[in-house]
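# Observations on the three-dimensional arrangement
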Amino acid sequence: IKVVHVVPGVKYAVKAQEAGVDAVVCEGFEAGGHNGREETTTFCLIPMVRREIDLPLLAAGGIATGGGMLAALALGADGVQVGSRFAATFESSAHDHFKQAIANAKEGDTMLSMKQLVPVRLLRNKFYNEIKQMEDAAAPLDKIVEHLGRARAKKGMLEGDMDEGELESGQISAVIDKIESAADVVNNLVSEYTALTAAIKNGAGKW
């Protein structure tokens, strides 16, 4: 099988290459779900990883448009991994409540949480607010682990509990304003990428 390993930093990418993986996904701080403690953004991470490894490099975190894809490739990526945009598609296995929450999200509606335990970017909800209050009060780590419990992500993203579930989504959610088909997402990515590439070649200044 082909092994593609996700890394949040340069040292992990180098170690993955040494371990013999076939490709690396470098995932920046903007991404939904689990993140690195260094908080390196995708567009800073891509060139840093690119100069250290020879493997195919995919960029992830903050990419949901053809413009984002073009920018990632310009910085040295060979391709992109898109998460939040596909989570909010008709074909996604996510609950409809979660899909709509992504489509409704605005700037600042996702935040990094549980950094001392396992950094994860979440949409703000009751569960996120409870964890933040515990962290602000310097609650012991075991208390945070106890409150986290088990299967929070399943409860939120797959079962649709918008209060008690873990809602993992990236900062790019603020750009996503509707639920559409996976085919439309792909077509829009390709058409926008193609149009922007042509515009740059033709000297057009406005994207």
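Whatever comes next refers back to the structure up there.
A few points on the structure. In this text the structure is predicted, and so the values were computed from the model without any measurement.

Each value, and the rule that gives it
Residues numbered from 1 in each chain as written. Predicted model: local features only at pLDDT ≥ 70, side-chain atom pairs only at ≥ 80, totals over all residues. Heavy atoms only, no water. Buried < 20%, exposed > 50% of the residue type's maximum accessible area, 1.4 Å probe, protein only. Helix = DSSP H or I, 4+ residues; strand = E, 2+ residues; numbered from the N terminus. Arc of directions from axis to C-beta. Contact = heavy atoms within 4.5 Å. Axes fitted to C-alpha atoms, helices over the stretch in contact; angles between N-to-C directions. Parallel < 35°, antiparallel > 145°, perpendicular 65-115°, else oblique. Left-handed = near helix turned anticlockwise from the far one by under 90°. Pairing = 2+ DSSP bridges. Disulfide = S-S within 2.5 Å. Nonpolar A, V, L, I, M, F, W, Y, C, P; charged D, E, K, R; others polar.

### Re helix α6 (residues 126-136)
Those residues of α6 not exposed but buried are Phe127, Tyr128, Glu130, Ile131 and Met134. Here the buried residues of α6 occupy an arc of 160 degrees about the axis, which is enough to place them on one side. Away from the buried face of α6 by more than 90 degrees, exposed residues Gln133 and Asp136 are located. Against β6 (110-113), β7 (120-123), α7 (141-148) and α8 (152-158) lie the buried residues of α6. Among the residues trailing α6, Ala138 stands out with phi positive, at a value near 55 degrees.

### Some words on the packing of helix α3 (residues 66-74) against helix α9 (residues 182-201)
Where α3 contacts α9, the axes come no closer than 7 Å and their chain directions differ by 60 degrees. Relative to α9, α3 is oriented oblique. Every pair of crossing elements has a handedness; the one defined by α3 and α9 is right-handed. Touching Gly66, Gly67, Met69, Leu70 and Leu73 of α3 are Leu189, Glu192, Tyr193, Leu196, Thr197 and Ile200, all from α9.

### As for the sheet that holds strand β2 (residues 23-27)
One open sheet holds the four strands; their spatial order is β1-β2-β4-β5, and the pairing between them is parallel. The strands lining the two open edges of the sheet, one partner per strand, are β1 (4-7) and β5 (79-81). The sheet shows a mean angle of 30 degrees between the axes of neighbouring strands, direction not considered. In the sheet, strand β4 (residues 57-60) pairs with β5 via three bridges, with the strands oriented parallel. Residue pairing across strands places Ala59 opposite Val80, the latter belonging to β5.

### Some words on the state of the cysteines
In this structure the tally under the stated criterion is zero disulfides. Take Cys26: it sits in no disulfide, and the sulfur closest to it among the cysteines is that of Cys44, at 11 Å.

### Some thoughts on the packing of α6 against α7
Remark: α6 packs on α7, axes separated minimally by 10 Å, with the N-to-C direction vectors making an angle of 170 degrees. In terms of orientation, α6 and α7 fall into the roughly antiparallel class. Where α6 abuts α7, its residues Phe127, Glu130, Ile131, Met134 and Glu135 lie against Lys143, Ile144, His147 and Leu148. When grouped by side-chain class, the residues that make up the contact of α6 with α7 number five nonpolar, one polar and three charged.

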